[in-house]
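Take a look at the letters that make up each chain.
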Amino acid sequence: MMIPISHVSLSDALRGAMAAKELKYRLEDVPTDVAVINLPGVGHRVPAVVGFRSEVTDVRQDPTATHYFWALSVSPYEPSLLQRLLGRTRGSIDDTGNVGVSYDAVSTLREGHRHLSALQPPTGTIIQGCFAFDRRGQQRFEWYASSIEHIARARDAAIHHNQMVAAECWPLKSPLRVGKVSLWPPGYHKTTHKPVVVPGRDTWAQENQREVGVLLEGHFLRVLQSLWRATFCEGQAAINLKIEGYELETIGRTQIGLDPLGQTVRGRRGSLTSITFLG
C-alpha cells in the first residue's frame, strides 16, 4: 500500500491581505451571539471568528508514494493571528511549578493534512471551517468540505461568460431553437463560447463526512482556539469584545476537551451554520 505524503503551502498567509484567499462572511449571516467588532489589525469591522480554507491543488504519484499538495489560508489576515500561527514552540514553568507549552501550530496543521490526505481527496477538494467563542464563552465550530465546488464555480463562470458574449450580438441570452437545433447569431463564434460542465454527485465528501469531522476535531480545533485567543483576547480587540458583553475571563479558563467538542461536531448545532463561505 502506498503511503500518501502531504505538502502544505502557507504562501497565501504570507503574501499580504490582498493576495490571501481569505474566508469572508456576510455580516447579516453572523449569529447574534457572535459579535462583529472593529479589529485594529484589520482596520474595519469583522466577525469575532477565525477560519481556515485548505484546497488540494495537485495530486501526484511516484513509484513509492502519492503526494497531495494543499494550499492553506487563514482568516482574518491580522498580525496577532499570523504571529501566533507562525511562532515557534516554546515551553515555560510558572511560579507554582505548572508547565505550559506553546505548541507549533504549523506542525499541528501539517499533521492534520497528512491524515486528510489518507482519505484520498481528489484535486480541487476544499475543506474550510470557522471557530468562535460566543458572548457566554461557549465554543462554536462549523466546517464544510466539497470535492466539486471548483467544478460548480467553473460552470457558473462559463454560463456568465456565454451570456455576456451572446448579449453583445444577440438581444436574447439564449440561442434560437429550431426543433432540436440551437442556432446562435452570426458573430457568436464557437471559439468564444465556453463549455458548461455540470458537477455530479459529491461522492468523496459524502463518503468521508464522518472521517473529516473527526480529523478536524482532533487536529484543527485546538489551533483555531489558540488563533482566536491571540486575535481577540489581547489589546483593543479584547476591550471591544468586553463592550459587546463577552465574558473573556470564562473564555480564558476554557480548555478544549475531546468529549465536549465531539458533541459539538457531531450535533452540528453551532450558531455558525448560517455563515456563508466565499473563497
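Quantities reported herein were computed from a predicted structural model and do not represent experimental measurements. (Residues numbered from 1 in each chain as written. Predicted model: local features only at pLDDT ≥ 70, side-chain atom pairs only at ≥ 80, totals over all residues. Heavy atoms only, no water.)

## A look at the pairing of strand S9 (residues 139-146)
What counts is decided by this rule: Each residue is placed in one exposure class: buried if its accessible area under a 1.4 Å probe, protein chains only, is under 20% of its type's maximum, exposed if it is over 50%, and partly exposed if it falls in between. Strands are runs of DSSP state E lasting at least 2 residues, helices are runs of H or I lasting at least 4, and numbering of each runs from the N terminus. When DSSP finds at least two bridges between two strands, those strands are taken to pair.
Of all eight residues that make up S9, seven are buried, and the element is covered over most of its length. By the bridge criterion, eight bridges tie strand S8 (residues 126-133) to S9 in an arrangement that is antiparallel. Looking at the pairing, isoleucine 127 lines up with alanine 145 of S9. Between S8 and S9, which pair antiparallel and follow one another directly, the connecting turn spans five residues, one of which, glycine 137, has a positive phi of 90°.

## A few points about the packing of helix H7 (residues 221-232) against helix H8 (residues 235-243)
What counts here: Between N-to-C directions, angles span 0 to 180 degrees; the directions come from axes that are lines fitted to C-alpha atoms, helices contributing only their stretch in contact. An angle below 35 degrees is treated as roughly parallel, one above 145 as roughly antiparallel, one from 65 to 115 as roughly perpendicular, and anything else as oblique. Residues are treated as being in contact if the distance between any of their heavy atoms lies within 4.5 Å. Basically, the charged four are Asp, Glu, Lys and Arg, the nonpolar ten are Ala, Val, Leu, Ile, Met, Phe, Trp, Tyr, Cys and Pro, and anything else, Gly included, counts as polar.
It is at 6 Å that the axes of H7 and H8 come closest, and there the two elements cross at 95°. When the interaxial angle is binned, H7 and H8 end up roughly perpendicular. Residues Trp228, Thr231 and Phe232 of H7 lie in contact with H8, whose contacting residues are Ala237, Ala238 and Leu241. A per-class count over the contact of H7 with H8 returns five nonpolar, one polar and no charged.

## A few points about the packing of helix H2 (residues 79-86) against helix H3 (residues 105-117)
With their axes 6 Å apart at the nearest point, H2 and H3 run at an angle of 70° to one another. When the interaxial angle is binned, H2 and H3 end up roughly perpendicular. Of the residues in H3, those in contact with Arg84, Leu85 and Leu86 of H2 are Ala105, Val106 and Leu109.

## Notes on H7
Filter applied, for reference: Here the expected span of a helix is defined as 1.5 Å times the quantity of residues minus one.
Here H7 spans 16 Å end to end across 12 residues, near enough to the 16 Å set by a 1.5 Å rise per residue. Within H7, 10 of the 12 residues are buried, leaving the element largely enclosed by the surrounding structure. Every buried residue of H7 is accounted for by Leu221, Val223, Leu224, Gln225, Ser226, Leu227, Trp228, Ala230, Thr231 and Phe232.

## Notes on the environment of histidine 193
Here histidine 193 is to be found in the loop between strand S11 (181-183) and helix H5 (203-207). For histidine 193, a relative accessible area of 30% puts it in the partly exposed group. In sequence terms histidine 193 and glutamine 163 are 30 residues apart; their C-alpha atoms lie 9.3 Å from each other.

## Things to note about the side chain of asparagine 208
Looking at where asparagine 208 falls in the secondary structure, it is placed in the loop between H5 and helix H6 (209-219). Since its relative accessible area comes to 11%, asparagine 208 is described here as buried.

## Some details on the packing of aromatic side chains
Stated precisely, the cut-off is as follows: Centre distance within 6.5 Å is the pairing criterion for rings of Phe, Tyr and Trp, where only the six-membered ring of Trp is used; planes under 30 degrees apart are then read as stacked, over 60 as edge-to-face, and the remainder as tilted. Put simply, a charge is over a ring when the Lys NZ or the Arg CZ is close to the ring centre, within 6 Å, and near the line of the ring normal, within 35 degrees.
Under the defined criterion, the tally for this structure stands at five aromatic pairs. Ring geometry for phenylalanine 131 against phenylalanine 133: centres 5.2 Å apart, planes inclined by 85°, an arrangement best described as edge-to-face. Since its relative accessible area comes to 0%, phenylalanine 131 is described here as buried. Here the aromatic cluster, defined as three or more aromatic residues joined through ring pairs, consists of Phe131, Phe133, Trp228, Phe232 and Tyr246. Lying over the aromatic face of phenylalanine 69, arginine 60 brings its terminal NZ or CZ to 4.6 Å of the ring centre.

## Overview of unusual backbone geometry
With omega at 0°, the peptide bond leading from serine 75 into proline 76 counts as cis. Relative to the assigned elements, proline 76 resides in the loop between strand S5 (65-75) and H2. At glutamine 120, a position not held by glycine, the phi torsion is positive, near 60°. Here glutamine 120 is to be found in the loop between H3 and S8.

## Focus: a nonpolar patch on the surface
For clarity, the threshold we go by: Residues qualify for a patch when their relative accessible area is over 30% and they have no salt bridge, like charges being joined within 9 Å and the nonpolar side chains of Val, Leu, Ile, Met, Phe, Trp and Tyr within 5 Å. Only the protein chains shown count as cover for residues, with accessible areas throughout obtained via the Shrake-Rupley method and a probe of 1.4 Å. Here, a salt bridge means any side-chain nitrogen of Lys or Arg that lies within 4 Å of a carboxyl oxygen of Asp or Glu.
A cluster of nonpolar residues, Ile159, Val196 and Val198, forms a patch on the protein surface that exposes about 240 Å² of accessible area. One can find valine 196 in the loop between S11 and H5. Of the residues examined, valine 196 reaches a relative accessible area of 37% and is grouped as partly exposed.

## Focus on the confidence of the model for the chain
Here is the rule: On a scale of 0 to 100, pLDDT captures the predictor's confidence in every residue.
Summarising the model, the chain shows a mean pLDDT of 76, and 67% of its residues fall at 70 or more. For the chain, per-element mean pLDDT is lowest for helix H10 (residues 258-267), which scores 41, and highest for H5, which scores 94. Here residues 89-95 scores under 50 on pLDDT; set against residues more than four positions off or in separate chains, the count is 14 contacts. Here residues 97-101 scores under 50 on pLDDT; set against residues more than four positions off or in separate chains, the count is 10 contacts.

## A look at the pattern of salt bridges
Close approach of charged atoms lets side chains of opposite charge pair. Under the criterion given, the structure shown has nine salt bridges. One salt-bridge network, in which partners are shared between bridges, spans Asp33, Asp134, Arg136 and Arg140.

## Observations concerning the nonpolar core
Threshold: What makes a nonpolar core is a set of buried Ala, Val, Leu, Ile, Met, Phe, Trp, Tyr and Cys residues whose side-chain atoms join them at distances within 4.5 Å.
Judged by nonpolar contacts, the single largest core of 52 residues is most densely connected at Ile127, Trp228, Leu241 and Tyr246. Dropping the residues within four chain positions of it, tryptophan 228 is found in contact with Ala48, Val49, Val50, Phe131, Ala132, Phe133, Cys233, Leu241, Tyr246 and Ile251.

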